[in-house]
Amino acid sequence: MAYRVLTLAKKGFLFCSFLMICGIVFYQWKTAFKDSDNTHPEDPIILHIRAPIVNADTSLQNRQLSTNVTSLQQSQLPTSTIASTLVGNNKTWMDKMEAIRNERLKCKDTVCKERSRLMRNSLLSSRGRFDLAYSNDDYKFLVTTVWKIGASHWKKVFRILHDNGSVEFRKRQPDPHKPMSKMQDFNEKLANYFKVIFVRHPFARLVSAYRDKVNGTKIEFYRNKNREMLRKVRKGATAANIQAANVTFLEFIMWVTTGGHTSDYHWRPINSKYPVCQIQYDFIGKLETISDDTSYLFKLLGVDGLVSYRGAYNHTGSGDGDLLKQYFSNIPTTMITKLTQVYNDDFRVFGYPIPKNYSDLFNENNLQGL
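Residues numbered from 1 in each chain as written. Predicted model: local features only at pLDDT ≥ 70, side-chain atom pairs only at ≥ 80, totals over all residues. Heavy atoms only, no water.

Novice: When you look at the overall build of the chain in this model, what are you seeing that I'm missing?
Specialist: Helix and strand counts for the chain stand at 18 helices and 6 strands. Long-range contacts, defined as pairs at least 24 residues apart, comprise 71% of the intrachain contacts of the chain with a sequence gap of at least 6. For the chain, the accessible area works out to roughly 19,200 Å², and carbon and sulfur atoms hold 53% of it. (Helix = DSSP H or I, 4+ residues; strand = E, 2+ residues; numbered from the N terminus. Contact = heavy atoms within 4.5 Å. Areas by Shrake-Rupley, 256 points an atom, 1.4 Å probe, with all protein chains shown as cover.)

Novice: What is the right way to read the pattern of salt bridges from this model?
Specialist: For side chains of opposite charge, pairing can occur when their charged atoms come near one another. According to the stated counting rule, one finds 16 salt bridges in the structure shown. Residue Asp345 is joined to Arg117 by a salt bridge in which the shortest nitrogen-to-oxygen separation is 2.8 Å. One end of the pair, Asp345, is in helix 17 (residues 344–349); the other, Arg117, is in the loop between helix 4 (93–114) and helix 5 (121–125), and 228 residues separate them in sequence. Exposure remark for Asp345: the relative accessible area of 14% places this residue in the buried category. The partly exposed category is assigned to Arg117, whose relative accessible area is 42%. Lys299 is the partner of Asp304 in a salt bridge, and the nearest nitrogen-oxygen pair spans 3.5 Å. For Asp304, a relative accessible area of 41% corresponds to the partly exposed category. We classify Lys299 as buried; its relative accessible area is 19%. What you see here is one network of salt bridges that share partners, running through Asp137, Arg172, Asp185 and Lys189. (Salt bridge = Lys/Arg side-chain N within 4 Å of Asp/Glu carboxyl O. Buried < 20%, exposed > 50% of the residue type's maximum accessible area, 1.4 Å probe, protein only.)

Novice: What should I look at first to understand the environment of Val214 in this one?
Specialist: Inspection of the secondary structure puts Val214 in helix 9 (residues 202–214). For the pair Val214 and Thr248, spaced 34 residues apart in sequence, the C-alpha to C-alpha distance is 8.8 Å.

Novice: Where do I start with empty space enclosed by the protein in this structure?
Specialist: Where empty space is left becomes clear once a probe the size of a water molecule has been rolled over the atoms. Enumeration over the complete set of coordinates arrives at 2 cavities of 30 Å³ or more. Computed from the structure, the largest cavity encloses a volume of approximately 40 Å³. Taken together, Leu132, Val146, Trp147, Arg205, Tyr265, Arg268, Ile270, Lys273 and Tyr274 make up the lining of the largest cavity. Split into classes, the residues belonging to the lining of the largest cavity amount to 6 nonpolar, no polar and 3 charged. (1 Å grid on protein atoms, 1.4 Å probe; cavity = no way out; pocket = protein on both sides within 12 Å on 5 of 7 lines; lining within 4 Å. Points joined across faces, edges and corners; volume = space filled by probe spheres on them. Nonpolar A, V, L, I, M, F, W, Y, C, P; charged D, E, K, R; others polar.)

Novice: So what exactly am I meant to see when it comes to the layout of surface pockets here?
Specialist: By volume, the second largest pocket amounts to about 190 Å³. Taken together, 14 residues line the second largest pocket, and the ones lying closest to its centre are Arg117, Leu118, Asn271, Ser272 and Asp345. Among the elements that take part in the lining of the second largest pocket, helix 17 stands out by supplying 3 residues, more than any other. Of the residues belonging to the lining of the second largest pocket, the class tally is 5 nonpolar, 5 polar and 4 charged.

Novice: Any chance you could explain the sheet that holds strand 4 (residues 141–144) here in plain terms?
Specialist: Here 4 strands make up an open sheet; going across it, the order is 3-4-5-6 and the pairing mixed. In this open sheet, the two edge strands, each paired with only one partner strand, are strand 3 (133–136) and strand 6 (283–286). Sheet twist, expressed as the average angle between the axes of neighbouring strands with direction ignored, equals 20°. Two strands pair when backbone bridges link them, and strand 4 and strand 5 (residues 194–199) are joined in this way by 4 bridges, in the parallel orientation. By the bridge assignment for strand 5, Thr144 is matched with Ile197. Sheet strands in contact with helix 14 (residues 290–301) are strand 4, strand 5 and strand 6, and its direction is about 175° off that of strand 5. (Pairing = 2+ DSSP bridges. Axes fitted to C-alpha atoms, helices over the stretch in contact; angles between N-to-C directions.)

Novice: Whenever I open this one, the environment of Val276 confuses me. Can you help?
Specialist: Here Val276 lies in the loop between helix 13 (270–273) and strand 6. Residues Val276 and Met119, spaced 157 residues apart in sequence, show a C-alpha to C-alpha distance of 8.7 Å. Apart from the residues lying within four places of it in its own chain, the contact partners of Val276 are Lys108, Ile197, Ile270, Asn271, Tyr281, Val349 and Phe350.

Novice: Explain the packing of helix 9 against helix 12 (residues 249–256) to me, please; I cannot follow it from the model alone.
Specialist: For any two helices packed against each other, one specifies the crossing angle of their axes together with the interaxial distance. Where helix 9 meets helix 12, the axes come as close as 11 Å, and the angle between the chain directions of the two elements is 110°. By the criterion of interaxial angle, the relationship of helix 9 to helix 12 is roughly perpendicular. When you trace helix 9 past helix 12, the crossing you get is right-handed. The residues of helix 12 that touch helix 9, namely those facing Leu206, Val207, Tyr210 and Val214, are Phe249, Phe252, Ile253 and Val256. The residue makeup of the contact of helix 9 with helix 12, split by class, is 8 nonpolar, no polar and no charged. (Parallel < 35°, antiparallel > 145°, perpendicular 65-115°, else oblique. Left-handed = near helix turned anticlockwise from the far one by under 90°.)

Novice: Which parts of the structure should I look at to understand the nonpolar core?
Specialist: Within soluble globular proteins, side chains that are nonpolar tend to cluster in buried spots. Grouped together as the largest cluster of nonpolar side chains are 82 residues, with contacts concentrated most on Phe252, Trp267 and Phe328. For this core, the leading source of residues is helix 4, giving 8 residues. With residues near it in sequence (within four places) discarded, Phe252 still touches Leu206, Tyr210, Val214, Met229, Val247 and Trp267. (Core = buried A, V, L, I, M, F, W, Y, C linked by side-chain atoms within 4.5 Å.)

Novice: Help me understand the packing of aromatic side chains, please; the structure alone is not making it clear to me.
Specialist: Each aromatic ring pair is characterised by the separation of its centres together with the angle its planes make. As enumerated under the stated definition, the model contains 20 aromatic pairs in all. On the numbers, 5.2 Å between centres and 15° between planes, the contact of Phe203 with Phe328 is stacked. Note that Phe203 is positioned in helix 9 and Phe328 in helix 15 (residues 320–328), a separation of 125 residues in sequence. Assigned by exposure class, Phe203 and Phe328 land together as buried. Summarising the aromatic geometry, the rings of Tyr210 and Phe249 are spaced 5.2 Å apart at their centres and angled 70° between planes, so their arrangement reads as edge-to-face. Here Tyr210, found in helix 9, pairs with Phe249, found in helix 12; they are 39 residues apart in sequence, far enough to count as distant. Of the two residues, Tyr210 and Phe249, both sit in the buried class. Of the aromatic side chains, those joined through ring pairs into one cluster are Phe203, Tyr210, Phe249, Phe252, Trp267, Tyr327, Phe328 and Phe347. One cation-aromatic arrangement involves Lys273 over Tyr274; the distance from NZ or CZ to the ring centre is 5.4 Å. (Phe/Tyr/Trp six-rings, centres within 6.5 Å; stacked < 30°, edge-to-face > 60°. Lys NZ or Arg CZ within 6 Å of the ring centre and 35° of its normal.)

Have a look at this one:
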């Protein structure tokens, strides 16, 4: 009997010891985890973005829409070329991206003040100019999408955020792609939401539009537009030529520089379609730096863990640069000069250096701009 009692006592002691060890290990793990997730208070730089709606799901309420730059100092996100040239190497990646953001907005504001015609109220008064702008109520932001600058990718972003959004938002707006132009609270959102627009080098966008909508198109709408171009710019065009609807890039350029630049939104200058100068945009992104720009933007908005921008590769180097070299190799300098005049506002407002000759077209720094 005494032996059995002793045996039970030993087993009880071993079991208690095991529980004590587990408790110590759990406490140390919890403390370490808490410390690793803690943001350090030294010299914090907070970038405040408006919080989600109050009645959103708990999961949305818990998402922070402010970024502590200090806690991101160890970030492994890529650093763009322009980021490293704008500020010192001792800055964090978020600091560098913030400097780029401010430089672009400053450039836009400066040029807009110099060009009063871009500040006409008539541009802002037309809701139709926002038929490609979309908003998200959970995160209080809107994006003005532009054709040939990743518009379809942005629609995917808004779809994902909508599918994972609050019940109230999905009920109030069943369609994630409802354009801003059809919203009753249009003015309120335009005044209070975080406003974003993405742009692209004007000539790179033009080449993209030609390749997609003009060259060898099978879409009858654009084939008819091609026939209209040929009637105007090709001397001695036969009926067979016009019926074939094959337009060279030079002929397309001739069309654009003689009034055709406003005939389609895919190549229409951004500042003639959208009232860029009349809107206080909070962020201007560029397709040339889309990877860095979307990473930074999604962190600001607090959605970086929810969505990513598919197709987020920078359109420079062997991308847009080689295409410009290919398509502009036979374009006379005089025609390039005329083309820069058509897109002059876009070059200036968005900080792209105006090309003076053929070699300037595929210079990576010129393609990227600010």
